[in-house]
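Understanding the architecture of this molecule
Chain by chain, the residues:
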Amino acid sequence: MNTTPARLPADMRQVGNGFFVAGQIAPQHVAALAEAGYTTIICNRPDNEGPGQPPADTIKAEADRHGIAFHYVPVVHAGITRENVDAMQKALSEAEGLVFAYCRSGARSTHLYAFSRP
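Attention here is on the structure that accompanies the text. As the structure is a prediction and not an experimental result, all values here were calculated from the model.

What follows covers the overall build of the protein chain. When you go through the protein chain residue by residue, the secondary structure sums to four helices and five strands. Listed by position from the N terminus, the elements making up the protein chain come as β-β-α-β-α-β-α-β-α. Relative to the 2.2 N^0.38 estimate, which gives 13 Å for 118 residues, the radius of gyration of the protein chain is 13 Å and therefore close to what a compact globule would have. C-alpha extents for the protein chain along the principal axes are approximately 45 × 30 × 25 Å. Total accessible area on the protein chain stands at roughly 6400 Å², and carbon and sulfur atoms take up 52% of it.

Rendered as structure tokens:
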């Protein structure tokens, strides 16, 4: 049995009021996010982008287990689309409380957040 307390992602950073980003997270990070008061997780990384990457459904299952809303808004390397911006705006408009978004490094999440602001 693992008794190590869950920890927030080491590269986590705030990029807006109540909006934080980081690179890829593992399922165990979700418990730490819940304990820290996050109410929404947004995945901006497409599945199967890198080896060893947990699928979005795995993170969503953990988010559901901890009562955290989960949105899958994948941004491919070709760039951010209008559909990505619309989906991100919808996710942000539904969010209540602290929001955490992730991709490979946090860069796509940061850019998508900036494009999604009114």
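The structure having been displayed, the exposition proceeds.
Take Lys60: it is sitting in helix α2 (residues 56-65). Between the C-alpha atoms of Lys60 and Ile41, which are 19 residues apart in sequence, the distance is 8.4 Å.

A word on the nonpolar core. Ile41, Phe70, Phe100 and Tyr102 are the most contacted members of the largest nonpolar core, which has 16 residues in total. Counting residues in each nonpolar core, the second largest holds 13 residues, with Met88, Ala91, Ala101 and Leu112 among its members.

Counting through the fold element by element, Ile41 comes out in strand β3 (residues 38-43). Spatially, the C-alpha atoms of Ile41 and Ala95 are 9.2 Å apart, while their sequence positions differ by 54 residues.

Okay, the packing of helix α3 (residues 82-94) against helix α4 (residues 107-116) next. Remark: α3 packs on α4, axes separated minimally by 9 Å, with the N-to-C direction vectors making an angle of 80°. By the angle between their axes, α3 is roughly perpendicular relative to α4. Contacts between α3 and α4 involve Asn84, Val85, Met88, Gln89 and Leu92 from the former and Ser109, Leu112, Tyr113, Phe115 and Ser116 from the latter. Classifying every residue of the contact of α3 with α4 by side-chain character gives six nonpolar, four polar and no charged.

Calculation rules
- Residues numbered from 1 in each chain as written.
- Predicted model: local features only at pLDDT ≥ 70, side-chain atom pairs only at ≥ 80, totals over all residues.
- Heavy atoms only, no water.
- Helix = DSSP H or I, 4+ residues; strand = E, 2+ residues; numbered from the N terminus.
- Rg over C-alpha atoms; globule rule 2.2 N^0.38 Å.
- Areas by Shrake-Rupley, 256 points an atom, 1.4 Å probe, with all protein chains shown as cover.
- Core = buried A, V, L, I, M, F, W, Y, C linked by side-chain atoms within 4.5 Å.
- Buried < 20%, exposed > 50% of the residue type's maximum accessible area, 1.4 Å probe, protein only.
- Axes fitted to C-alpha atoms, helices over the stretch in contact; angles between N-to-C directions.
- Parallel < 35°, antiparallel > 145°, perpendicular 65-115°, else oblique.
- Contact = heavy atoms within 4.5 Å.
- Nonpolar A, V, L, I, M, F, W, Y, C, P; charged D, E, K, R; others polar.

Function cannot be read off these values alone, since they describe shape.
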